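# Working through the structure, step by step
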Amino acid sequence: YNLLGNIYLIRRDFVKSIINYEKALLNDFNLIEQFEAFCNLVLLYSQSGNFDKANDYLHKAKDICQNTPIPIFLIAFSLAEQAYHFEKGNYKQSIEILTEMNNLALKQNHKYYTYLSYRLIADSYYYMKKYKTAEEYYDLAFEYMSEDSGLEANEFAHMKALLAKETNLRSDIETALKSAL
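All values reported here derive from a predicted model rather than from experimental measurement.

## Concerning the overall build of the protein chain
- Scanning the protein chain from N- to C-terminus turns up ten helices and zero strands.
- Its helices and strands taken in sequence order, the protein chain reads α-α-α-α-α-α-α-α-α-α from the N to the C terminus.
- Taken along the three principal axes of its C-alpha coordinates, the protein chain extends 55 × 35 × 30 Å.
- For the protein chain, the residues scored as buried account for 41% of the 181 residues in total.
- A sequence separation of at least 24 residues applies to 46% of the contacts in the protein chain between residues at least 6 apart.
- Per element, the accessible surface of the protein chain, about 10500 Å² overall, is 52% carbon and sulfur.

Following this line, the structure appears as structure tokens:
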């Protein structure tokens, strides 16, 4: 069920993803799969506005993370925790969590999580309407973006276009959107 939850999450079928993660938790399986399901349920319930359930799973994930303080668990938990705060509109808290995650990713020399933490920090500043700071963090994210990832390039171009729109830099919008193609 955990694998099906992942597949439906990737396909953006969030209801089926939740159902499968919930089913997975009813079965006996290893700690890693349980932790993954908890973190993904935090994300899914936060995005759907069910913060009580998200918080319940956040606490369960935190218990596992505290008892197994390895970097990948700390990063995965940080992503779940920041998603919870971001979706509640607690952008400052999200930035604090992502800054810690970024420091860990840099220390581990993990390019993807460095990229992701910078990009999510930028997203937080964007929604706080601090566009200049958001742009600085998008540019930092760009430095760590995978050259092979079309998704990351499209995300970057999309957010740069939104920034250009918000700051009335109309000439930059067309350039940013063209680079996404």
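## Quick word on the packing of aromatic side chains
- The full count for this structure, using the stated rule, is 14 aromatic pairs.
- On the numbers, 4.3 Å between centres and 10° between planes, the contact of F35 with F73 is stacked. In this pair, F35 sits in helix α3 (residues 31–47) while F73 sits in helix α5 (residues 71–87), placing the two residues 38 residues apart along the sequence. No difference in accessibility class separates F35 from F73, as the two residues are buried.

## Describing the layout of surface pockets
- If you add up the space inside the largest pocket, you get close to 1400 Å³.
- Taken together, 35 residues make up the lining of the largest pocket; nearest its centre are L43, Q47, Y112, L116 and R119.
- Only α1 (2–10), α3, α5, α7 (111–127) and α9 (150–166) provide two or more residues apiece to the lining of the largest pocket.
- Counting residues per element, the lining of the largest pocket draws most heavily on α5, which supplies nine residues.
- Of the residues in the lining of the largest pocket, the class split is 22 nonpolar, six polar and seven charged.
- Of the voids in this model, the second largest pocket is the one considered here, and its volume is about 220 Å³.

## Some thoughts on the pattern of salt bridges
- Within the structure shown, the criterion is met by two salt bridges.
- The salt bridge involving K16 is made with D13; its shortest N-O contact spans 3.8 Å.
- For K16, a relative accessible area of 40% translates into the label partly exposed.
- Taking the relative accessible area as the measure of exposure, D13 reaches 26% and is therefore partly exposed.
- A salt bridge links R119 to D123, with the nearest nitrogen and oxygen atoms 3.4 Å apart. Of this pair, R119 and D123 both sit in helix α7, four residues apart, which is roughly one turn of the helix.

## As for the packing of helix α6 (residues 91–107) against α7
- Following both chains from N to C, one finds α6 and α7 inclined at 165°, their axes separated by 9 Å at the closest point. Judged by the angle between their axes, α6 and α7 are roughly antiparallel. Crossing handedness for the pair α6 and α7: left-handed. Contacts from Y91, S94, I95, L98, T99, M101, N102, A105 and L106 of α6 reach α7 at Y113, T114, S117, Y118, L120, I121, S124, Y125 and Y127.
- The class makeup of the residues in the contact of α6 with α7 is twelve nonpolar, six polar and no charged.

## Comments concerning α5
- Over its 17 residues, α5 runs 24 Å from end to end, which matches the ideal 24 Å to within 8%, given 1.5 Å per residue.
- Along α5, the residues classified as buried are F73, I75, F77, S78, L79, A80, Q82, A83, Y84, H85 and F86.

## A look at the packing of α7 against helix α8 (residues 131–144)
- Two elements in contact, α7 and α8, have axes whose closest approach is 8 Å; the angle formed by their N-to-C orientations is 165°. It follows from the interaxial angle that α7 and α8 lie roughly antiparallel. Crossing geometry of α7 relative to α8 is assigned as left-handed. Across from K111, T114, Y115, Y118, R119, I121, A122, D123, Y125 and Y126 in α7, the residues of α8 making contact are Y131, T133, A134, Y137, Y138, L140, A141 and Y144.
- Each residue belonging to the contact of α7 with α8 can be placed in one class, and the counts come to 13 nonpolar, two polar and three charged.

Rules behind the numbers
Residues numbered from 1 in each chain as written. Predicted model: local features only at pLDDT ≥ 70, side-chain atom pairs only at ≥ 80, totals over all residues. Heavy atoms only, no water. Helix = DSSP H or I, 4+ residues; strand = E, 2+ residues; numbered from the N terminus. Buried < 20%, exposed > 50% of the residue type's maximum accessible area, 1.4 Å probe, protein only. Contact = heavy atoms within 4.5 Å. Areas by Shrake-Rupley, 256 points an atom, 1.4 Å probe, with all protein chains shown as cover. Phe/Tyr/Trp six-rings, centres within 6.5 Å; stacked < 30°, edge-to-face > 60°. 1 Å grid on protein atoms, 1.4 Å probe; cavity = no way out; pocket = protein on both sides within 12 Å on 5 of 7 lines; lining within 4 Å. Points joined across faces, edges and corners; volume = space filled by probe spheres on them. Nonpolar A, V, L, I, M, F, W, Y, C, P; charged D, E, K, R; others polar. Salt bridge = Lys/Arg side-chain N within 4 Å of Asp/Glu carboxyl O. Axes fitted to C-alpha atoms, helices over the stretch in contact; angles between N-to-C directions. Parallel < 35°, antiparallel > 145°, perpendicular 65-115°, else oblique. Left-handed = near helix turned anticlockwise from the far one by under 90°. Expected span 1.5 Å × (residues − 1).

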